Amino acid sequence: MQRRTWILAGLATTLGACGWRLRGANRSINYPLLVAGSPGPIARALVQELRQNKSNVALLGSNGPAPTRGDRYTLLVLQDQRVRSIQGTNSTGQVREIKLLLQFRWSLVDPEGQEVLAPRSITFEQDLSFSESQALGKEQEEEAIFQTLQARAIDGARLQGLE
């Protein structure tokens, strides 16, 4: 038992010395960021989340005065879209299955205009059964699925280099 304690203490010391640490609760970025390009629902939700974490983020094209680039890194949104496509119909032509697709592509550029992160992409798909008799409930379910996929895309973007 004592040997295990010494091994764990040595391992913790070694990992701490190299700078490794567990991800903490504060997930804010530590540089000013300007979101530009074609921001859609995912980019707007990302900006809102970063602002809640007290990050210095501006969205180009939002209401109010246009922010200047200055010393800001720029998140170029290349694609931000939700797609709803019909996957299957029954013999009477009624929709029975829908595919929900969420796509988010971006790159990160430093204040001098040099690309820091090459274009990256996140794509999520989800199949949804559909019934015309339950159309209102299915619309709400569809929106809830898109919200879940959007949260996953934001987490993925942050893990792929926005922090």
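For the structure, check the block above.
Residues numbered from 1 in each chain as written. Predicted model: local features only at pLDDT ≥ 70, side-chain atom pairs only at ≥ 80, totals over all residues. Heavy atoms only, no water.

Considerations on the overall build of the protein
Scanning the protein from terminus to terminus reveals three helices and five strands. Mapped in sequence order, the helices and strands of the protein form the string α-β-α-β-β-β-β-α. In the protein, buried positions account for 33% of the 163 residues. Sequence-distant contacts, at least 24 apart, represent 66% of the contacts inside the protein between residues at least 6 apart. For the protein, the exposed area adds up to about 10,300 Å²; of that, 50% sits on carbon and sulfur atoms. (Helix = DSSP H or I, 4+ residues; strand = E, 2+ residues; numbered from the N terminus. Buried < 20%, exposed > 50% of the residue type's maximum accessible area, 1.4 Å probe, protein only. Contact = heavy atoms within 4.5 Å. Areas by Shrake-Rupley, 256 points an atom, 1.4 Å probe, with all protein chains shown as cover.)

Here's the deal with the pairing of strand 1 (residues 33–37)
Of all five residues making up strand 1, four are buried, and the element is well covered by its neighbours. One ladder, built from three bridges, connects strand 1 with strand 2 (residues 57–59); its direction is parallel. By the bridge assignment for strand 2, Leu-34 is matched with Ala-58. Handedness of the β-α-β unit built from strand 1, helix 2 (residues 41–52) and strand 2 comes out right-handed. Looking at chain direction, strand 1 and strand 3 (residues 73–89) are connected through five bridges and run parallel. Bridging across to strand 3, Leu-34 finds its partner in Thr-74. (Pairing = 2+ DSSP bridges. Right-handed = clockwise from strand over helix to strand, strands pointing away.)

A few points about the pairing of strand 5 (residues 115–129)
Bridge count between strand 4 (residues 95–109) and strand 5: twelve bridges; the pairing is antiparallel. Along strand 5, the bridge assignment pairs Leu-102 with Phe-124. The hairpin turn running from strand 4 into strand 5, its antiparallel successor, is five residues long, and Gly-113 in that turn takes a positive phi close to 95°.

Quick look at the packing of aromatic side chains
Across all of its chains, the model carries one aromatic pair by this definition. Plain terms: the ring middles of Phe-104 and Trp-106 are 5.3 Å apart, the flat faces sit at 20° to each other, and that makes the pair stacked. Classification of Trp-106 by relative accessible area gives buried; the value is 0%. A cation sits over an aromatic face here: Arg-84 above Phe-130, 5.9 Å from the ring centre. (Phe/Tyr/Trp six-rings, centres within 6.5 Å; stacked < 30°, edge-to-face > 60°. Lys NZ or Arg CZ within 6 Å of the ring centre and 35° of its normal.)

Considering the environment of Leu-33
Position of Leu-33 among the secondary structure elements: in strand 1. The buried category is assigned to Leu-33, whose relative accessible area is 1%. Apart from residues lying up to four places away in sequence, Leu-33 is in contact with Leu-50, Asn-56, Val-57, Ala-58, Arg-72, Tyr-73, Thr-74, Leu-75 and Leu-108.

Re the environment of Gln-81
With respect to the helices and strands, Gln-81 occurs in strand 3. What makes Gln-81 partly exposed here is its relative accessible area of 31%. Sequence-wise, Gln-81 and Leu-102 are 21 residues apart; in three dimensions their C-alpha atoms are separated by 6.0 Å. Engagement of the side chain of Gln-81 in a polar contact is seen with the side chain of Gln-103, the distance being 2.5 Å. (Polar contact = N/O pair within 3.5 Å; in protein donor to acceptor, adjacent residues only side chain to side chain.)

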